[in-house]
Amino acid sequence: DTFKDGPRMGNGRGNGALIGAVGGVNIPLGPVFVGAEGNVNKGFHEIDWEYGVAGRFGFRAGESGLIYGKAGYQWVNFDRGPKAKDMLYGVGVEVGPKDIGLGGLTGNSGVRLRLDMDTVDFKSIRPMAGVVMHF
């Protein structure tokens, strides 16, 4: 049950889309941070559901921005075929309105843009973009 045995994963191309949610916590340590996050995604077409956990580490940027790397584990239920599970690796950034010159919300809380690139055991590459709330 690994990603290399999953359906249609050999060519590195998947069809469909995902909508998901992520929740986590970060601990600031001066200019850097460490944290953990969990995710759950509903797929449309080849992936039915997927979920995972990861540790995050990186640098704080601006008032609420983050530049990070992550490593964890991801489980995937395909529409057809076996379930898959394997190591997850990724990089990403999160920026708030003030960090990109849009003013708006003050303090460290509020809406942020998240851009993320993940790979599962270096067999797939998935860019993701979304909006996250920071408290």
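This text goes with the structure placed above it.
No experiment lies behind these values; they were computed from the predicted model shown.

### Looking at the side chain of E50
Secondary-structure assignment places E50 in strand 3 (residues 47–61). With relative accessibility at 2%, the residue E50 sits in the buried group. A distance of 2.7 Å separates a polar atom in the side chain of E50 from a polar atom in the side chain of R126. Residue contacts for E50: discarding those within four places in its chain leaves L18, N39, V40, N41, Q74, W75, V76 and R126.

### Looking at the pattern of salt bridges
Opposite charge on two side chains permits them to pair, given that their charged atoms come into close proximity. As enumerated under the stated definition, the model contains 11 salt bridges in all. Between E37 and K70 there is a salt bridge, and its shortest N-O distance comes to 3.0 Å. Residue E37 is located in strand 2 (residues 32–45), and its partner K70 is located in strand 4 (residues 65–78); the two are separated by 33 residues in the primary sequence. Considered together, E37 and K70 belong to a single accessibility category, that of buried residues. Linking E94 and R114 is a salt bridge whose minimum nitrogen-to-oxygen distance equals 3.2 Å. One end of the pair, E94, is in strand 5 (residues 84–95); the other, R114, is in strand 6 (residues 110–120), with 20 residues separating them in the sequence. Considered together, E94 and R114 belong to a single accessibility category, that of buried residues. A network of salt bridges, in which partner residues are shared, links E37, R56, K70, E94, R112, R114, D116 and D118.

The rules behind each value
Residues numbered from 1 in each chain as written. Predicted model: local features only at pLDDT ≥ 70, side-chain atom pairs only at ≥ 80, totals over all residues. Heavy atoms only, no water. Helix = DSSP H or I, 4+ residues; strand = E, 2+ residues; numbered from the N terminus. Buried < 20%, exposed > 50% of the residue type's maximum accessible area, 1.4 Å probe, protein only. Polar contact = N/O pair within 3.5 Å; in protein donor to acceptor, adjacent residues only side chain to side chain. Contact = heavy atoms within 4.5 Å. Salt bridge = Lys/Arg side-chain N within 4 Å of Asp/Glu carboxyl O.

Any functional reading would require information beyond the geometric quantities listed.
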